[in-house]
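# Structural overview
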Amino acid sequence: MQQQTEALHTGYNKDTQSTMAVPIYMSTAYEFRDVEHAANLFSLKELGNIYTRLNNPTTDVFEKRFAALEGGEAGLATATGMAAIFYAIANAAEAGDNIVCAAQLYGGSLTQFAHTIKRFGIEARFFDVHNPSQIETLVDDKTKVIFFESLTNPSVDVADIDAIVKIANKYNILTVVDNTVATPIICKPFDFGVDIVVHSASKYTTGQGISLGGMMIERKGLVEKIKNNPRYKHFNEPDYSYHGLVYVDVPLPIYTLRARLSLLRDLGATISPFNSFTLIQGIETLSLRMREHSSNALKVAEFLESHPKVEKVNYPGLKSNSNYDVVQKYFKDGMASGLLSFELKNAEEAIKVVDATNLFSLVVNIGDSKSIITHPASTTHQQLSNEELIACGVPAGLIRLSIGLEASVDLIEDLKAALES
Ligand SMILES: *Cc1c(COP(=O)(O)O)cnc(C)c1O
């Protein structure tokens, strides 16, 4: 089935009321038929609803639908993208282990890896996403995950997925990709051999800046990579927190199963059924919106590139961009999503333009249907010196745009007036 069709139908077969919309099951818990039924659910002899921290019928539709869009086997929804990323790591690594991750990352992932998981004894080692061969110098037998973003936020770099997966498979290490900015409409990492996909659903999936949510999805057949793999002993040995269950022996998608039974159970970053409902509405139109975000962003990028005051435009969909060839290889129909950045001479010029726009809102978010503008040097990257800003690819005169669904002529007119004010 095509993605557009799956986005509207997968996972929902109408409930007893025959509602067209997926119902919001706002219920903390579920009644068992009798004690035997309850015992069967707890021992996984039978699958079913127990308590909403673990599963919920509305969230179940969201998980099945998102997994189908990615072409994966199963999904686990979480309260936020950051929780999905943490679960994807914590499901594989423990104290004493390390992960190897691209240096070009979302700020929250960078701090989670460099600071928070470090306090849990998991070390993060960083490679340049444009130089995957560095991974070989960083992995050892304690490396549990190789993590990168398919299309990076905010630096809009595009990963050479094949090159990274090839090295990971040589060492039998799991690959985890954050596919938030590309979305499965533009890029399907499983087609290129990635093992696990994570998302912040709070961006393009919700689409209108409404709900926070996260998702972790595993590829079909992942168990084969984990079975008898000495890196992942905890999937191959009894889990005494679950009466001695051996995950690789269970005929279910085991990466999401373990994350649900162990991490979601014990850490509890569960999504609200209401948020799952709003994210299902977002998925219904995701394919249409990503096409429009991408074509709008390309038009704005082309305008900015032609403007004399603009020193440089970073948008992977532009022919002049160094990522252009990788985009053609991994992204569908030349789409490159709605994120772009451009450089003006200095911070003063950039601040003037940001303050002079009317249609763009000054917000630290992306993926909204309304266009967004930010000046990283005075907000997210405020603590860095001029030299440090240049080193991490965020010069003082850089402006980041998240292009929404307004008419591109209106966005261009607004930017033109701001640049010439
Ligand atoms: C926003 C974002 C996240 C974090 O997601 P939340 O839902 O805000 O927790 C992770 N990765 C990327 C690429 C993001 O843009």
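Structure first, text after, so check above.
Residues numbered from 1 in each chain as written. Predicted model: local features only at pLDDT ≥ 70, side-chain atom pairs only at ≥ 80, totals over all residues. Heavy atoms only, no water.

### Quick word on the site of the ligand
Surrounding the ligand, one finds 14 residues, the nearest of these being G81, D178, S200, S202 and K203. Within the contact set of the ligand, an oxygen atom lies 2.8 Å away from a backbone nitrogen or oxygen of G81. Taking M82, its main chain carries an N or O atom lying 3.0 Å from an oxygen atom of the ligand. Coverage of the ligand by the protein amounts to 94% of the 380 Å² it exposes when considered alone. The element best represented in the shell around the ligand is helix α4 (residues 81-90), accounting for three residues. Here the shell around the ligand is composed, by residue class, of four nonpolar, seven polar and three charged. (Near = heavy atom within 4 Å. Polar contact = N/O pair within 3.5 Å; in protein donor to acceptor, adjacent residues only side chain to side chain. Areas by Shrake-Rupley, 256 points an atom, 1.4 Å probe, with all protein chains shown as cover. Helix = DSSP H or I, 4+ residues; strand = E, 2+ residues; numbered from the N terminus. Nonpolar A, V, L, I, M, F, W, Y, C, P; charged D, E, K, R; others polar.)

### Digging into unusual backbone geometry
Across the junction of N153 and P154, the peptide omega takes the value 5 degrees, indicating a cis bond. Position of P154 relative to the elements: it lies in the loop between β4 (143-149) and α7 (161-170). With phi around 70 degrees, K14 is a residue other than glycine that occupies positive phi space. Checked against the element boundaries, K14 lands in the loop between α1 (3-9) and α2 (35-42).

### Points about the sheet that holds strand β8 (residues 312-314)
The five strands lie next to each other as β8-β9-β12-β11-β10, forming an open sheet whose pairing is mixed. What marks the edges here is a single partner per strand, and that holds for β8 and β10 (361-362). Lying on the sheet, helix α12 (residues 273-305) is in contact with β8, β9 (339-343) and β12 (398-402); it crosses β9 at an angle near 10 degrees. (Pairing = 2+ DSSP bridges. Contact = heavy atoms within 4.5 Å. Axes fitted to C-alpha atoms, helices over the stretch in contact; angles between N-to-C directions.)

### Let's talk about the pairing of β9
The buried fraction of β9 amounts to five of the five residues, a majority that puts the element mostly inside the structure. Of the two faces of β9, the one lined by L339, S341 and E343 and the one lined by L340 and F342 are each fully buried. In this sheet, β9 lies alongside β8 in antiparallel orientation, the contact comprising three bridges. Paired with V313 across the two strands is F342, which belongs to β9. Inspection of the sheet shows β9 paired to β12 by five bridges, in the antiparallel sense. Its bridge partner being in β12, S341 is matched across the sheet by R400. (Buried < 20%, exposed > 50% of the residue type's maximum accessible area, 1.4 Å probe, protein only.)

### Structural notes on α7
Turning to α7, its buried residues are I161, I164, V165, I167 and A168. End-on view of α7: buried residues confined to an arc of 160 degrees, all on one side of the axis. Facing away from the buried side of α7 by over 90 degrees, the exposed positions are K166 and K170. If you follow the buried residues of α7, they end up packed against β3 (123-127), α6 (135-138), β4, β5 (174-178) and α13 (324-330). Just beyond α7, the residue with positive phi is N172, at close to 60 degrees. (Arc of directions from axis to C-beta.)

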